[in-house]
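Here is how the chains run, residue by residue.
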Amino acid sequence: MNNEVKTLQEENRERDYFFSVLKTFSSYREQSLLRIESKENAVQTLPKHHRKWLTKYLEDLKSFKSCIEVNSQLIPIILKEAKTIFGNIYCTDGNSHSETDVGTLAEGLDKVQSVFKQLMRDWSSMGSFEREQCYQPIIDEIEEQFPKDKFDRKMINVLVPGAGLGRLAFEISVRGFACEGNEFNMFMLVVSYFVLNLCKEVDEFEIYPWIHQYCNNLKAEDQMISVRFPDVRPMPTPGGRFSMTAGDFLEVYTDHNQWHCVATCFFIDCAPNVVQFVETIYNILKPGGVWVNLGPLLYHYSGLKNEKSIEPSFEVLCDIISSVGFEMEKCKTGIKTKYCQNPKSMLLYEYESIYFVCRKSIKINGEGDY
């Protein structure tokens, strides 16, 4: 009985969180405009001659509002079919208790803004430069590992944990592989479902991904750069198999010896214990399977209160990878990669990322399975 109650409580928590995400999306316009109004109010508290000199600034703030309006018009289109993401389990004939009583998430507005930037990176022509830096080396390696003349690619199972809005996984499937993306972030899942299932035309929608980036702008126009998405029709080629799975990577992927390839991009540092990620990747790969990785070691949980985070250097991480059982076949450091950067900004971050290719031993306990 206790297990049944616990399961019901977990389901209710998941349901409440899901509707909180939807409500946070819906609050985007109101919360974003409130932030601008606070800036306008701050100007009004200044001396009269200061206000006179800031006339252009106030005009810029009005223009920012117009951009926010464009972004906000996309929200209801995204949310229209959002409840069907998980097979209609959250669909009801009317408003449920969960839908009406949940609130917005405190950090949610920042996550909505982050999704707009991610749309630029994954699904706009402007993002092609970042994708060339970050995704193409992984794609090239997978194609090299499984050439068409030696493998039936639709039988090669590739997993992309931390898939975000799904572009890397999509591109792998386009090349004929059976590819599955996995994502835990519900904001990403809602928008990736929209892009991958409901966008029908190239450059169908317009967004302003950096409209909330108020610092380090040479001109207001640099903050108001717009992009259109998707830059391609998100339809895998015939024969390729493509899917997205929701959930915690460590909880979803527990079956051993299932995947021919695991591709991780800006992912392995998203765990408080990176060793657990390495171990899980090793376990789920088939004997002889390949792990391809590219990204930094930002360690997202580092410094967070009440999180038991570890942050080994790459040197130590290499020892861990070897100890788990991998053989490292390729390794490069200093790979220049950017992440969701406004090319016009006065401040641009660039990672010196690591790239490596590891192979799981062909034989485990004397038995091969490749």
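Located above this text is the structure these notes cover.
Conventions adopted
Residues numbered from 1 in each chain as written. Predicted model: local features only at pLDDT ≥ 70, side-chain atom pairs only at ≥ 80, totals over all residues. Heavy atoms only, no water. Buried < 20%, exposed > 50% of the residue type's maximum accessible area, 1.4 Å probe, protein only. Helix = DSSP H or I, 4+ residues; strand = E, 2+ residues; numbered from the N terminus. Right-handed = clockwise from strand over helix to strand, strands pointing away. Pairing = 2+ DSSP bridges. Phe/Tyr/Trp six-rings, centres within 6.5 Å; stacked < 30°, edge-to-face > 60°. Lys NZ or Arg CZ within 6 Å of the ring centre and 35° of its normal. Axes fitted to C-alpha atoms, helices over the stretch in contact; angles between N-to-C directions. Left-handed = near helix turned anticlockwise from the far one by under 90°. Contact = heavy atoms within 4.5 Å. Nonpolar A, V, L, I, M, F, W, Y, C, P; charged D, E, K, R; others polar. Polar contact = N/O pair within 3.5 Å; in protein donor to acceptor, adjacent residues only side chain to side chain. Salt bridge = Lys/Arg side-chain N within 4 Å of Asp/Glu carboxyl O. Core = buried A, V, L, I, M, F, W, Y, C linked by side-chain atoms within 4.5 Å.

Quick word on the pairing of strand β2 (residues 178-183)
Regular strands place side chains that alternate from one sheet face to the opposite one.
Here is step 1 of the chain: Here β2 lies mainly inside the structure; 6 of its 6 residues are buried.
Here is step 2 of the chain: Judged by which residues are buried, β2 turns out to be covered on both faces: A178, E180 and N182 on one side and C179, G181 and E183 on the other are all buried.
Here is step 3 of the chain: Regarding topology, helix α9 (residues 167-174) serves as the crossover connection from strand β1 (residues 157-161) to the parallel β2, and that connection is right-handed.
Here is step 4 of the chain: Strand direction decides the pairing type here: β2 and strand β5 (residues 241-246), joined by 6 bridges, are parallel. Note that in β5 the partner of E180 across the bridge is S243.

A word on the packing of aromatic side chains
For any two aromatic rings, the description comes down to two numbers: the centre-to-centre distance and the angle of the planes.
Here is step 1 of the chain: Tallying each qualifying case throughout the model produces 21 aromatic pairs.
Here is step 2 of the chain: Taken together, the aromatic side chains of F249, Y253, W259, F267 and F277 make up a single cluster linked through ring pairs.
Here is step 3 of the chain: Sitting over the face of the ring of Y214, K39 holds its NZ or CZ atom 4.2 Å from the ring centroid.
Here is step 4 of the chain: Across the ring face of Y282, the terminal group of K360 is positioned such that the distance to the ring centre comes to 4.9 Å.

A closer look at the packing of helix α6 (residues 108-123) against helix α10 (residues 186-198)
Here is step 1 of the chain: At a minimum axis distance of 10 Å, the contact between α6 and α10 shows a crossing angle of 40°. Where α6 crosses over α10, the handedness of that crossing is right-handed. Of the residues in α10, those in contact with G108, K111, V112, V115, Q118, L119 and W123 of α6 are F187, M188, V191, V195 and L196.
Here is step 2 of the chain: For the contact of α6 with α10, a count of residues per class yields 9 nonpolar, 2 polar and 1 charged.

Observations regarding the side chain of H212
Here is step 1 of the chain: By the secondary structure assignment, H212 is in the loop between β3 (205-207) and α11 (220-223).
Here is step 2 of the chain: For H212, a relative accessible area of 16% translates into the label buried.
Here is step 3 of the chain: Polar contacts involving the side chain of H212 include one to the side chain of Y28, which spans 2.7 Å.
Here is step 4 of the chain: Ignoring sequence-local partners within four residues, the contact set of H212 consists of Y28, S32, I68, Q113 and Q223.

Here's the deal with the pattern of salt bridges
It is possible for side chains bearing opposite charge to pair when their charged atoms get close.
Here is step 1 of the chain: Applying the stated criterion across every chain, the model contains 17 salt bridges.
Here is step 2 of the chain: Here E143 makes a salt bridge to R175, at a shortest N to O gap of 3.7 Å. Taken together, the positions of E143 in helix α8 (residues 136-145) and R175 in the loop between α9 and β2 put the pair 32 residues apart, joining distant regions of the chain.
Here is step 3 of the chain: Of the residues examined, R175 reaches a relative accessible area of 22% and is grouped as partly exposed.
Here is step 4 of the chain: A cluster of three or more residues bridged by salt bridges with shared partners is formed by R131, E143, R153, R167, E171, R175 and D231.

Topic: the side chain of N217
Here is step 1 of the chain: Relative to the elements of secondary structure, N217 occurs in the loop between β3 and α11.
Here is step 2 of the chain: A polar contact is formed between the side chain of N217 and the backbone oxygen of Q213, at a distance of 2.9 Å.
Here is step 3 of the chain: Only 3.4 Å separates the side chain of N217 from the backbone oxygen of Y214, close enough to count as a polar contact.
Here is step 4 of the chain: The residues contacting N217, other than those within four sequence positions of it, are D222, Q223 and M346.

Things to note about helix α13 (residues 274-284)
Here is step 1 of the chain: By the burial criterion, the buried members of α13 are V274, F277, V278, T280, I281, Y282 and I284.
Here is step 2 of the chain: Sitting at the amino-terminal end of α13 is N273, which places a side-chain oxygen 3.1 Å from the backbone nitrogen of V275.

Quick word on the nonpolar core
For soluble globular proteins, the rule of thumb is that nonpolar side chains tend to be buried together.
Here is step 1 of the chain: Counting 48 residues, the largest nonpolar core has F25, L119, V190 and F229 as its most contacted members.
Here is step 2 of the chain: Looking at this core, the elements with two or more residues in it are α1 (2-26), α2 (28-44), α4 (55-79), α6, α10, β3 and β4 (227-229).
Here is step 3 of the chain: A per-element tally of this core places α10 first, with 9 residues.
Here is step 4 of the chain: Non-local contacts of F25, meaning those with residues more than four positions away in its chain, are made with I75, L79, V112, F187, V190 and V191.

Quick look at the sheet that holds strand β6 (residues 259-265)
Consider a sheet: its strands pair through backbone hydrogen bonds, and that pairing is either parallel or antiparallel.
Here is step 1 of the chain: Pairing is mixed in the open sheet, where 7 strands are placed in the order β5-β2-β1-β6-β7-β9-β8. Two strands lie at the open edges of the sheet, namely β5 and β8 (326-337), each paired on one side alone. Between one strand axis and the next, the sheet turns by 15° as a mean value, whatever way the strands run.
Here is step 2 of the chain: With 6 bridges joining them, β6 and strand β7 (residues 285-295) adopt parallel strand pairing. Within the sheet, the bridge partner assigned to A263 lies in β7 and is V292.
Here is step 3 of the chain: The sheet contacts of α13 involve β1, β6, β7, β8 and β9 (351-360), and relative to β7 the element is tilted by about 140°.

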